[in-house]
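# Structural overview
The primary structure of each chain is shown beneath.
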Amino acid sequence: MSTEGELRSAWQTPGTERSDAPPMEFFRLKDGEQASIRIVGSGRPKDVFKHKFTIDGKTYYATCPGKSAGCPACAAGHKLSHANAITVLDRRDSHIKVWEFSNEKKRDIAALVEHKDYGDPRTYDLVVARRGKGLTDTRYTLFPSPNRAPLSDAEQALLIPNLDEYYKPNPERLEALLRGEVPKRKEREATGETTVGTTPIPPTENPLEDEGASIV
């Protein structure tokens, strides 16, 4: 468990890591929807930096490895986008998902972390609601839920991805997108077997590979 000081620092201090994502479920909402979530894992958000590409009308993303690492997309003048990412338990289906959210929502949660009645956001649920459909009219609201029940044994046993590994840069993907090519997906075998360990079997689809994950 992170200490109180580490949590405060994580929510208030911008990071410098840049990353890319293998297949994984993302937390998403449609217009008019709301959902309760519980932050799980380290409780510390990760900074994610990505480049956006549009090919044949579809949107694709690739992580920026950083100018200091000689990012070819930066050298070509491609715009860089930023999001915060953290792992959450989605109460709608009890799945562990990656939540990418804006700095505005990061400040909202930071305020809760600082508040004497709330503190560690892993000890209570958050309710996130969406209104709007487009890029300019969509608004998200966030507020703490009264649900402070500890995670059940089954919920605690759910596998949580390591975001440092999850958002690892993918140079081949970035180069393909720069050439205007749709990056190939890696084939993954779905065995249906129970996995023991710390790395979950990723699903066959990745929201970042096609329409992209909306930033809440």
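Computed from a predicted structure; not experimentally measured.

### Some points on the overall build of the chain
Across its full length, the chain holds six helices and seven strands. The buried share of the chain, reckoned over its 216 residues, is 43%. A separation threshold of at least 6 residues defines the contact pool for the chain, and within that pool the share at least 24 residues apart is 76%. Just so you have it, the chain exposes about 12100 Å², and 49% of that area is on carbon and sulfur atoms.

### Considering the side chain of R130
Topologically, R130 is positioned in strand 6 (residues 126-131). Of the side chains bearing the opposite charge, D31 lies closest to the buried R130, which forms no salt bridge; the N-O distance is 5.7 Å. A distance of 3.4 Å separates a polar side-chain atom of R130 from the backbone oxygen of K133. Only 3.4 Å separates the side chain of R130 from the side chain of Y140, close enough to count as a polar contact.

### Regarding the state of the cysteines
By the definition in use, this model includes zero disulfides. C64 supplies the cysteine sulfur nearest to C74, a cysteine that is in no disulfide, at a spacing of 3.5 Å.

### Overview of the side chain of K46
Mapped onto the secondary structure, K46 falls in strand 2 (residues 46-55). Here K46 falls in the buried class, since its relative accessible area comes to 7%. At a separation of 3.1 Å, a polar atom in the side chain of K46 contacts the side chain of D164.

### Some remarks on the pairing of strand 5 (residues 95-101)
The side chains of a regular strand alternate between both faces of the sheet. Judged by how many residues are buried, strand 5 sits mostly within the fold: six of seven residues are covered. With seven bridges connecting them, strand 4 (residues 80-90) and strand 5 associate as antiparallel partners. When the sheet's bridge partners are listed, L89 is paired in strand 5 with I96. Counted between consecutive antiparallel strands, the loop separating strand 4 from strand 5 contains four residues, among which S94 sits at a positive phi close to 60 degrees.

### Details of the pattern of salt bridges
Overall, the coordinates contain 15 salt bridges when judged by the stated rule. Among the ionic pairs, D93 bridges to K97, the shortest N-O distance being 3.0 Å. A relative accessible area of 31% means that D93 is categorised as partly exposed. What makes K97 buried here is its relative accessible area of 7%. Taken together, the shared-partner salt bridges connect E33, D90, R92, D93 and K97 into one network.

### Regarding helix 3 (residues 103-114)
Taking 1.5 Å of rise per residue, 12 residues should cover 16 Å, and helix 3 covers 16 Å from first to last C-alpha, within 8% of that figure. Of the positions making up helix 3, those classed as buried are K105, K106, I109, A110, L112 and V113. All buried residues of helix 3 project into a common sector of 160 degrees when viewed along the axis, lining one side.

### Observations regarding the nonpolar core
The biggest cluster of nonpolar side chains holds 20 residues, and the ones touching the most others in it are W11, F27, W99, I109, L126 and V128. Sorting the residues of this core by element identifies helix 1 (4-12), strand 1 (34-39), strand 4, strand 5, helix 3, strand 6 and strand 7 (139-144) as the ones contributing at least two each. For this core, the leading source of residues is helix 3, giving four residues. Apart from residues no more than four positions distant in its own chain, L126 is found in contact with A35, S36, I37, I39, W99, I109, L112, L142, F143, P144 and S145. By size, the runner-up hydrophobic cluster in this structure holds 11 residues, among which are F49, I55, C64 and C74.

### Considerations on the confidence of the model for the chain
Mean pLDDT for the chain: 82, with 79% of residues reaching 70 or above. The secondary structure element of the chain with the lowest average pLDDT is helix 1, at 72, and the one with the highest is strand 1, at 98. When the criterion is pLDDT under 50, residues 15-22 qualifies, and its contacts beyond four places in sequence or with other chains add up to 44 contacts. Ignoring residues within four places in sequence, the model shows residues 187-214, a span with pLDDT below 50, making 59 contacts including any to other chains.

Each value, and the rule that gives it
- For every chain, the first residue of the written sequence is number 1, and numbering continues from 1 along that sequence.
- Reporting of local features is limited, given that this is a predicted model, to residues whose pLDDT is at least 70; pairs of side-chain atoms are given and counted only at 80 or more, and all residues count toward the totals for whole chains, interfaces and linings.
- Where side-chain values are given, they derive from all heavy atoms of the structure, hydrogens and water being excluded.
- By the criteria applied, helices consist of DSSP H or I runs no shorter than four residues and strands consist of E runs no shorter than two, each listed in order from the N terminus.
- Only protein chains enter the area calculation, which uses a 1.4 Å probe; residues under 20% of their type maximum are buried, those over 50% are exposed, and those in between are partly exposed.
- Two residues form a contact once any of their heavy atoms are found within 4.5 Å.
- All accessibility values rest on the Shrake-Rupley procedure with a 1.4 Å probe; residue burial counts only the protein chains present in the view.
- His residues and chain termini do not enter the charge count, which takes Lys and Arg as positive and Asp and Glu as negative.
- Each reported salt bridge corresponds to a side-chain nitrogen of Lys or Arg within 4 Å of a carboxyl oxygen of Asp or Glu.
- Each polar contact in these results corresponds to two N or O atoms within 3.5 Å; when the atoms are within protein, one needs to be able to donate a hydrogen and the other to accept it, and residues that are neighboring in sequence are counted only if both atoms are side-chain atoms.
- When two cysteine sulfur atoms lie within 2.5 Å, the pair is treated as a disulfide.
- Two strands pair under a simple rule: DSSP has to find at least two bridges between them.
- What a helix is expected to span follows from its residue count: subtract one and scale by 1.5 Å.
- For this quantity, the arc is that covered by the directions from the helix axis to the C-beta atoms.
- Throughout, nonpolar core names a set of buried Ala, Val, Leu, Ile, Met, Phe, Trp, Tyr and Cys residues whose side chains join them through atoms within 4.5 Å.
- pLDDT expresses how confident the predictor is about each individual residue, on a scale running from 0 to 100.

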